[in-house]
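Letter by letter, the chains look like this.
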Amino acid sequence: MSKGLLIVVSAPSGCGKGTILGEVLKDPAYYYSVSATTRAPREGEVNGVQYHFLTREQFEENIAQDMMLEYAEYCGNYYGTPLAPINENLENGRNVILEIEVQGAMQVRKLRPDAVFVFIAPPSVETLRERLVGRGTEPLDVIEERVAQAEREIGFAQQYDYIVVNDVLEEAISDFKAIVRAESCKVKQD
Ligand code: 5GP
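What comes next concerns the included structure. (Residues numbered from 1 in each chain as written. Predicted model: local features only at pLDDT ≥ 70, side-chain atom pairs only at ≥ 80, totals over all residues. Heavy atoms only, no water.)

1. Overview of the site of the ligand
Here is step 1: The ligand sits among 17 residues. The nearest are Ser35, Arg39, Tyr51, Tyr79 and Glu101.
Here is step 2: A distance of 2.7 Å is found between an oxygen atom of the ligand and a side-chain nitrogen or oxygen belonging to serine 35.
Here is step 3: A distance of 2.9 Å separates an oxygen atom of the ligand from a polar atom in the side chain of arginine 42.
Here is step 4: For the ligand, whose free accessible area comes to 510 Å², the fraction covered by protein is 96%.
Here is step 5: Among the cavities detected, the one that contains the ligand is the largest pocket.
Here is step 6: Only strand 5 (68–74) and strand 6 (77–82) provide two or more residues apiece to the shell around the ligand. (Near = heavy atom within 4 Å. Polar contact = N/O pair within 3.5 Å; in protein donor to acceptor, adjacent residues only side chain to side chain. Areas by Shrake-Rupley, 256 points an atom, 1.4 Å probe, with all protein chains shown as cover. 1 Å grid on protein atoms, 1.4 Å probe; cavity = no way out; pocket = protein on both sides within 12 Å on 5 of 7 lines; lining within 4 Å. Sits in = over half its atoms within 2 Å of the grid points. Helix = DSSP H or I, 4+ residues; strand = E, 2+ residues; numbered from the N terminus.)

So this is what it looks like as structure tokens:
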């Protein structure tokens, strides 16, 4: 059985990344890596499903024990990828999706040259602001902080292997699936 693909996906919040990945993850050939974070759960988020919600002390303990593939501080909170389930699922032939921000993605770039890097971008920064306001999960000052953060992140998009612009959702989903399909057919150089 061939190994699965390690797929790293970054997108500023409000890019519709959750909707795109939700569609892709209906296929059991994919495993979604559940990250650990120190941020508070949003309404409806369940521990162990969207994230493993940890205290700063617990998170730092995980770092000390080398249990994270990568981690970063983002908007004042730690976020990190637990290592063990990733290798296990890749070995079992499943495609593993890491949904992480750019600093973490650049760490994975160095650690795992076999990974595929996909950046999901909004059609424009203005569209992004409108989507975040429409989602209504954060107060306005947090939204402005996230928009500024998004502009910085978009500056990193050129360092990814692929950019998917989420203008028309169905097209973005089909682009994403096409990338994975092509990568699965790629002749490996090793
Ligand atoms: P949110 O708080 O909106 O759920 O996530 C904020 C940012 O943290 C998003 O860009 C998300 O992709 C990123 N993120 C989530 N999990 C991880 C992780 O394990 N590592 C890193 N580096 N970033 C993460």
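That was the structure; now back to the text.
2. Some remarks on the packing of helix 1 (residues 17–24) against helix 7 (residues 169–185)
Here is step 1: Where helix 1 meets helix 7, the axes come as close as 10 Å, and the angle between the chain directions of the two elements is 55°. As summarised for this structure, helix 1 and helix 7 are arranged oblique, according to the angle between their axes. Crossing of helix 1 against helix 7: the hand is right-handed. The segment helix 1 lies against helix 7, with Thr19, Ile20, Leu21, Glu23 and Val24 engaging Leu169, Ala172, Ile173, Phe176 and Lys177. (Axes fitted to C-alpha atoms, helices over the stretch in contact; angles between N-to-C directions. Parallel < 35°, antiparallel > 145°, perpendicular 65-115°, else oblique. Left-handed = near helix turned anticlockwise from the far one by under 90°. Contact = heavy atoms within 4.5 Å.)

3. Topic: the pairing of strand 8 (residues 116–121)
Here is step 1: Strand 8 sits mainly inside the fold: six of its six residues count as buried.
Here is step 2: Alternating residues of strand 8 divide into Val116, Val118 and Ile120 and Phe117, Phe119 and Ala121, and every residue in both groups is buried.
Here is step 3: As paired elements, strand 8 and strand 9 (residues 162–165) share four bridges and run parallel to each other. In the sheet register, valine 118 faces strand 9, and the bridge partner there is tyrosine 162. (Buried < 20%, exposed > 50% of the residue type's maximum accessible area, 1.4 Å probe, protein only. Pairing = 2+ DSSP bridges.)

4. Quick word on the sheet that holds strand 4 (residues 51–53)
Here is step 1: Strands sit in the order 4-3-6-5 across an open sheet of four strands; the sheet is mixed. Single-partner strands in this sheet number two, and they are strand 4 and strand 5. Here the average twist between neighbouring strands, direction ignored, is 25°.
Here is step 2: Sheet analysis places strand 3 (residues 35–37) next to strand 6, joined by two bridges and oriented antiparallel. Across the sheet, residue alanine 36 finds its bridge partner in strand 6, namely glycine 80.

5. Let's talk about the packing of aromatic side chains
Here is step 1: Inspection of every chain in the model, using the stated rule, returns eight aromatic pairs.
Here is step 2: Look at tyrosine 71 and tyrosine 78: their rings are 6.1 Å apart centre to centre, the planes differ by 75°, and that puts the pair in the edge-to-face class.
Here is step 3: Look at tyrosine 71 and you get partly exposed, because its relative accessible area is 33%.
Here is step 4: A centroid spacing of 6.3 Å and a plane angle of 75° characterise the contact between phenylalanine 117 and tyrosine 160, whose relative ring orientation is edge-to-face. (Phe/Tyr/Trp six-rings, centres within 6.5 Å; stacked < 30°, edge-to-face > 60°.)

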